[in-house]
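Chain residues, written in single-letter form:
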Amino acid sequence: MVWLEGQSKQVVLEATDSLQMNQETGADLEDQAVPLGSVTLGSAVRAGQPGMGCPLEHAYYDHEQLSRGPEVSPEANIPTNLLSLDHSFGYDCRRRANLQLLEESTLTFIAGNFLVFLDVCTRKQRYISSCSGEGIGAIMVDPSRCLLAVAEKGNQPDIVVYEFPSLQPLRVLRGGTAWVYTALAFDHEGILLASVGGAPDYMLTLWVWREERVLLRCKAASQDVYRISFSSDSPAQLTTSGAGHIKFWKMASTFTGLKLQGLLGRFGRTTPTDIEGYVEFPDGKVLSGSEWGNMLLWEGALIKVEICRRSGRRCHNGAICQFVLDEGEILTVGTDGAIRAWHFESVDGADATDGSNLFELEPMNEVLVGRGVCLVSMVKGTAPGSSIWFAQDSGGAVWKLDLSFSNMTRDPEAIFTFHSGPIVSMDVSRTSHLMATSALDRSVRVFDLLAQRELICSRFRQNATTVTWEPRGGRLMAVGFEDGLLRLLEFLLPPVEGAYAPDGAQLQLRQAVKPHGGPVSAIAFHSSGRLLATGSKDGTVFFFMEGDPYEAIGLIRVPGPVCSLQWAPPSHGRNALLILCENGHVVEVEAPEPGSQAPRHQSYELEDLPRMHFHFHSIKSRIRRDEEITRRTADRQKSREEEEQRLMESLEETELWGEEEDLPPLYIPDAPSPLLCGFYSEPGSFWLSMGGFDAGFLYHCRFSGQPEQGAEQQHDEPFAVVPLGHGENDTVQCVSISCGGQLLLCGMQTGCLRAYPLQTEDPHLCSLRASWVLGVHDSQNGAMRAVRFSHDDRFVLTAGDDGNIFSFSLLAPWGGHGAPHGQVSASPPPPLHRQTVAQDIEDPHAYSLEMARQRTELEHLAQEAEHRKAELRRELVELQKRFRELQWRSRELPRHTERTLDQRFQEEVKQMTAQRVAETQRKLAWEREWYRLSLKKLQDRFGDPLESDTITVVAFQSPHRVSTYRILTPSPEQQIHGTGTGPEKQLPGTETEPGGMAAPVQAALVAETLPKHGGLQPQQTGRGRLAARQAQKLQKASEKVNRAKAKIEQRRKEWADLLASKPSEAAEDPQDVQAIQHAQENMGDFKLKTADDFRVPEHRRMSTERKRAQLVTLEEEIHRRKTQMNSQVVGLRDSKLQLLSQLRTQMQQLQAVKAQLPPALCIALPTILGPLPEETRKQKLQPSPATLLHLQSLRARRTPLGGEREELGLLELLEHAGGEQAEHDNMPISDCPPCQSIQLEGHAFTELEEEMRRVEEIKLLHLQDSLLAQMLQDMSDFDTQLKLLRHDKLKLDVKLKLWDLRHITLYQELLLLRDFETREDRLQEALCRRQEEWWLLASKLEETRQQLQVKQQDVTHLQEQEKVLNATFQALLGPNNKWGPFLTKVFRKKMKRVKKKEKPGEIEEQWDSAEESEGESDWDEDEDSESGSVDDTTCPPNCDLDLFEGTIQLRESRLELEELLAEERKNAEFLRKECDSLAKKEGVVQSSLRAVEGDIELLNREKQQKVNQLDVVVPLRLNQIEFLHNGLIPTKLTQALVLNTSALAGLQERIVQLQVEQRQQKALYRKARKQHVQLNHDCKQMEARIQELQLQCEQLMLKKFGRPVDLEALLTLCGSRILEEMWQERSTNGAASAQEMQLWQEEVARCKRAVMEVTRQHTEALWAMSNLLAQKKELENRLDTRQGKMGAQFQTLERVVDRDISGIQQLLQRQACEIQVLQVEIGALLRKGGHPPLPPTTPL
């Protein structure tokens, strides 16, 4: 990302040179510089004032002239210095880069409309106000730390460059943006200044700031820009970052001049993020942060890599706000309170390796500042080599950090602490200079105004919403919280030696109570301190009475959320509370008298307090209308007076004025304007400040006196308004009146403070037209929340949403008279006895007082209800007891006995009944037959088609039942359809094998036509004939040659097969091709079926037969499942019948037992019903005679008058009769009268009989219990089986319903497919025909290609035979044959051959093959012309006859080969033309085949579109619907997509499989790559080995043959006569040479022996010399031991010895030369004789 260009650099250098020239020009004015406090400047300085051009180099602006200062209305008698800033207690810690370091101990930051310079050591502050009066946007210190650039806010704001430490304005830059600056940056040389504006223009401007000139400007972005900076290595490069973007700029020179070119960073796959901080690298890369805490490395406007920690952890647990490149390390500052150091080279070289775009890196060092710390920016100390940094904490602190990362590193230190976020409440003590504040950082702080310091800070679990001091003692304060809690805190200053220690200040909890369920929004103490009122957003006001603790009185409800409470002043003489609600309601309520209210047990609500109500109604539109009417009236009056003087003769007055515009309509906003603040004016009247539409006025209102019951319906209007003159968009947020009543202060939404002088006895505020306005807080984010006077009017305190708290000193005539002499701290409140700490309420969900009381009352009511329930339960128990006693007494009463009639009367009745029955049967015989036939017809019509009718099985002890399915017998048509699906048409897939007889035939033909190699040799007649042994040897050699040729041919064929099987470079692995084909066939088409490009797969194409088969399969499955379930139900029914039989037997046993037991010991028998009619369907269809009689009686009652038969309702009657019969038949067996045992009255039992009776009773009781238990257990088991079967049947019912829906869909599709059946059959037949044609053509083409390949192989074989024949001829001639040219002409002579046809007498001449063959181009025209004159009939004289005849035979063989070659080439050309013709036909057939397939595809697509129009029912549960809109299920699911869960799960599983396969493929790729590298290495080694073997072979050929030869051609020479003769001659010569060599070897041996003798003599001489040398050395040693007395005697002897030694050395040299000569001769002899060399001689 190196954007620095030569031209842009040159431009920057030119700007620098120009600036240096200006500095040199203004150097003379250095002495004329005037400090900031001076009143005037010199004349040279005045020439550089705003609007007069750039000032000189060291001239300064007048800050008082630049600053707008307070705005004072002309009619106001208020001095401009009414307020002077005393101290700033706050810090806008959430502003970006709001901390700069000028000196080692001077910090500067923005505080609302002021710039604060804070001395770290002394904690003293200095201030500069903004020139615009609307706030400061950004600040920046130049690299030399001697200049400070301040960018302001407002309309066309300026950038003022101040000199430090004089704080004099040096330069003013104008016109950089429209409204606000957001960022500034100096370049690293301090020459250029870059600024970025905010909304609406977002303008990027480059300044040559010393010349107050714009160098370049361009729109930076369309979103907020947070930061801008110059590159440290290239002054022509800049970088900006902000909301969701980062942009890289360069200054480039174009044909129109110097331009700013920006390149927007692209996030790519990374989620777009806001970029708070970044740093530029020397190589052009940029490292930026992200919202989620990772670092992004940019290169070329693209993200190169995202850097995180190991295991995917984030670099910071929050956004990274700042990057610092310091001494080879990168420091990152995060909102998680951590500062981490990273290795620069590791970050600069970071790159992703696994495709995840993540790079893992661990920090070198890190510092965790503290818990809950949120760092925004930090600046480094100015001392050389300093490791001290000052950090800005958005949690409300300034930290001093030691980043040396050593053992001596100091812990982080919070040197200053402030509120974090908006100040929501502020109040001052009524008795001392103490101030309490609360903010949205869950803290309450107390400040000393005189000492200008913070005394105590208390933190809570919830945000404090309002703070109020108790008016009398000044020690107690009430704090309201957002959870509705009210805490009374006592401020304590412990005394130390008669004074007070501020460092020991405490806030002690005195009482904690929760009066409200919503946030506490207002607290008001009565002036007497006896009453306390609290208001909440939940629309309630609670009253407390003074005490220890404060006692709750009660609450009232108001029509809206409470925003302010105010007690009536004592001057009003009323004890009333003014309640202001946010929705425009104002309520005045009389204060409850302490102790006058009766105790309430149900609620704290006070319903009988007198109150008055006011509901604000908007009148602003009427005010505008009245102002417009007044303006128009004045304009009209003025115009009339002017026109009357000039146009007195005008008749029509209307023509003078024309038509007037319509007056603005009256507008009432739908939503009421919010009520912001208010205060009392006089009894019953008050002033209100409204926001929204009604802003811009103070409204004077009074109560209407109507009861509050009509509060919601009434609309009250103010009776007077006062315009504030500050515009309609600014609203009064808070109001405060001085204690002396001289001044009214209004805190505005734009952060300015407005002061109005007040007059005595002026409740209508007539003096508000005079105003004094000062910008205090930020105009955009600094709405003023509170403004207060101190208790002595000495100080004015303001607090705003920008987190700033300012203390102003009020001018003496308007304020207090100052503090007592020597007082430097606030006067402490009077001492009180230290109270015990009260218990706090820590649960944020605790009940409020009202809710706790209501819950207590509810609990009391619940206890009373439980008491009444207990009484009722006791009465019910008594009644149940009496009922059981009555039942026992009724059972003790004796039973009545039954009487039986005489048997004769019974028999007579039976006979009479039988006679009547027979008579009736005879009379009803015809009707019986008629009904029987009718029943039979009904059964044939409705009963026979049923395979299974409905049977219902009922449980014994529960109402559960289960029924069978009513199944119809499958019709014959369905059976036919089920078995009528035939096999599909099979395509011709067999390929005919091409004929392969041409090659063997041609091979046989060639074999027959070619002569044997032995026959090619000339006859061995004449001289030079070989012996029989040599001929046999020659024959063996010929056979060896033939075997070698066969072996060579086989090896050549193997090579050809191997090369043919070698795949081409573009070939693919068959396994990969097969895998791809399988994937294409099975992976599916995941486009929607309704898509236009959806292609129906082959295996899913629909046809009538397939759809009919699906229908039949579905019907068979339904029938099978129903049949299985019916068999289970029938089996259960059968088991029930068996169980009923068993139960009847057991019941009879119980009856017998019961008959033998006394009634008191009998147990009630269980109710057992017999088989119901629905359980036995056939019995139901065959009613009993009793049922028929009952049916007849019912029909008689239903027969209408006239005797007509009524057929309607017979089934109902039959059912009714069957039901009554079933009730009769299923009467419980236990209800039958038991058999009575015979009791002998008056019979007395003996003791034995009594004992036996008791034993028998015990047995019977045991039998009775066991039978009953067995019966109940059997019935319970049966019921359990029925419930299980019923559950299975319910699940099957669900499946059957789904299958029925599927059946309907399939049938609809079948009807739809029948419409396409004809077209589909026609296209399918056409497709089959085209495929058959294609298969035939393809097989024929393949056969022809194989034949052509065989022909080409034959041609190649014949050409090779022709080459062999030529080689044979050359071998026959031999080297240097004088008859070679003649025999060559004879061999190559062209002759016409005559060939007879099959018909005799017809002769066809065929020309020589040279006319058609292109392979004999080596015969030139000269040879052809000369061959015609050669006589080949006779052998010339002196020419070998055998050689001539061999040449003639070889020529005949050549001519035959040429004829065969010409014929084969002609056949091959014919086959080639046939292949081309078949290929063209195949292309035409394929085109037609593709056309038919396209038509079929269009038909299938049309069928699919028609099928898509059918409605398919898919039952879904709610948890299966994942189609949500805004978190809800839409009413219409037309845009939803229904997927199969298994298919979706399969796709998700397939994703995992593909990831696994991808990893496997990567592993295989790496393995294959390694194998490929290894194979390439092996191939190179093999090639080197081949070259080495070739070189070795050539060397062997040179050594053996003298030149490289063709081994295959050499094999053909093995049967030559000349070669054999040469071999024989070589043998003879070799024998003679061997004899000669043997002689020479003997001579060499003799010479060697002589040499050895001479060498032995020389060796003996050398040994002698060696001995002499040893003796010499010994003598020299002896001589050395002596003192050299006789040295002169031996000098002559030494010379003799030296001479002998030199002679011996010369002799040795001569012998060495002789030895070398002898060795050369021996080597020459060895090469001639071929004998092995002699062993080396022993070295001398």
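So, a few notes on the structure that sits alongside this text. (Residues numbered from 1 in each chain as written. Predicted model: local features only at pLDDT ≥ 70, side-chain atom pairs only at ≥ 80, totals over all residues. Heavy atoms only, no water.)

### Some remarks on the overall build of the chain
And step 1. Per the secondary structure count, the chain includes 26 helices and 66 strands.
And step 2. Summed over all atoms, the accessible surface of the chain reaches about 104,000 Å², with 53% contributed by carbon and sulfur. (Helix = DSSP H or I, 4+ residues; strand = E, 2+ residues; numbered from the N terminus. Areas by Shrake-Rupley, 256 points an atom, 1.4 Å probe, with all protein chains shown as cover.)

### Comments concerning unusual backbone geometry
And step 1. The linkage connecting A199 with the following residue, P200, adopts the cis geometry, with an omega of 10°.
And step 2. Locating P200 in the fold gives a position in the loop between β12 (192-197) and β13 (203-208).
And step 3. Of the consecutive residues D548 and P549, the connecting peptide bond is found in the cis state with omega at 5°.
And step 4. As for its placement among the helices and strands, P549 is situated in the loop between β44 (540-545) and β45 (551-557).
And step 5. You will see that A97, though not glycine, has its phi angle at about 50°, which is positive.
And step 6. By the secondary structure assignment, A97 is in the loop between β2 (83-88) and β3 (100-103).

### Section: the sheet that holds strand β8 (residues 147-152)
And step 1. The four strands are arranged β7-β8-β9-β10 in an open sheet whose pairing can be described as antiparallel. On the outer flanks of this sheet lie β7 (136-141) and β10 (168-173), each paired with one strand and no other. If you compare each strand with its neighbour and ignore which way they point, the axes differ by 20° on average.
And step 2. Bridge count between strand β9 (residues 159-163) and β10: five bridges; the pairing is antiparallel. Following the sheet pairing, Y162 is matched in β10 by P169. (Pairing = 2+ DSSP bridges. Axes fitted to C-alpha atoms, helices over the stretch in contact; angles between N-to-C directions.)

### What to know about the sheet that holds strand β22 (residues 302-308)
Consider a sheet: its strands pair through backbone hydrogen bonds, and that pairing is either parallel or antiparallel.
And step 1. On the basis of which strands lie adjacent, the open sheet formed by five strands has the order β19-β20-β21-β22-β26 and mixed pairing. Bordering the open sheet on either side are β19 (278-280) and β26 (358-360), each of which pairs with just one other strand. This sheet shows a mean twist of 25° between the axes of neighbouring strands, independent of strand direction.

### Topic: the environment of Q100
And step 1. Relative to the helices and strands, Q100 is located in strand β3.
And step 2. Considering only alpha carbons, one finds Q100 and I110, ten residues apart in sequence, at a separation of 9.6 Å.
And step 3. With residues near it in sequence (within four places) discarded, Q100 still touches T106, L107, T108, I139, M140, V141 and V379. (Contact = heavy atoms within 4.5 Å.)

### Examining the side chain of D1274
And step 1. With respect to the secondary-structure elements, D1274 resides in helix α19 (residues 1247-1373).
And step 2. When near neighbours in sequence (up to four residues on either side) are disregarded, D1274 contacts L1139, Q1142 and Q1146.

### Observations concerning a nonpolar patch on the surface
And step 1. Residues L1518, F1523, L1524, I1529 and L1533 make up a contiguous nonpolar surface patch of about 460 Å² in total accessible area.
And step 2. Relative to the helices and strands, L1524 is located in the loop between α22 (1441-1508) and α23 (1541-1601).
And step 3. We classify L1524 as partly exposed; its relative accessible area is 49%. (Patch = residues over 30% accessible without salt bridge, like charges linked within 9 Å, V, L, I, M, F, W, Y side chains within 5 Å. Salt bridge = Lys/Arg side-chain N within 4 Å of Asp/Glu carboxyl O. Buried < 20%, exposed > 50% of the residue type's maximum accessible area, 1.4 Å probe, protein only.)

### Points about the nonpolar core
And step 1. Of all hydrophobic cores here, the largest spans 40 residues; its most connected members are L82, F390, V796 and F808.
And step 2. When sequence neighbours within four positions are dropped, the list of residues in contact with F390 reads L99, L101, E104, L107, V120, S377, M378, V379, W399, K400 and I415.
And step 3. If you look at the next biggest cluster of nonpolar residues, it comprises 31 residues, including L1140, L1150, L1267 and L1310. (Core = buried A, V, L, I, M, F, W, Y, C linked by side-chain atoms within 4.5 Å.)

### Describing the packing of aromatic side chains
And step 1. Evaluation of the coordinates by the stated rule reveals 26 aromatic pairs.
And step 2. Ring geometry for F267 versus W298: centroids 5.3 Å apart, planes at 80°, classification edge-to-face. In this pair, F267 sits in the loop between β18 (257-264) and β19 while W298 sits in strand β21 (residues 295-299), placing the two residues 31 residues apart along the sequence. Comparing F267 with W298 shows no difference in burial state: the two are buried.
And step 3. For the ring pair F416 and F418, a centre distance of 6.4 Å and an interplane angle of 25° mean the geometry is stacked. Across the pair, exposure class does not vary: F416 and F418 are buried alike.
And step 4. Among the aromatic side chains, those forming a connected cluster through ring pairs are Y91, F109, F416 and F418.
And step 5. In this arrangement the basic side chain of K1136 is found over the ring face of F956, its NZ or CZ atom lying 5.2 Å from the centre. (Phe/Tyr/Trp six-rings, centres within 6.5 Å; stacked < 30°, edge-to-face > 60°. Lys NZ or Arg CZ within 6 Å of the ring centre and 35° of its normal.)

### Some thoughts on the pattern of salt bridges
And step 1. Using the criterion set out here, one finds 59 salt bridges in the structure.
And step 2. The closest approach of N and O atoms between R213 and E211, which form a salt bridge, is 2.9 Å.
And step 3. The exposure class assigned to R213 is partly exposed, which follows from its relative accessible area of 34%.
And step 4. Across the pair E919 and R922 runs a salt bridge whose closest N-O atoms are separated by 2.1 Å. Of this pair, E919 and R922 both sit in helix α8 (residues 903-923), three residues apart, roughly one helical turn.
And step 5. Note on E919: relative accessible area 32%, which makes it partly exposed.
And step 6. A single salt-bridge network, built from bridges that share partners, covers E1250, E1251, R1253, R1254 and E1257.

Nothing here speaks to function; it is all geometry.
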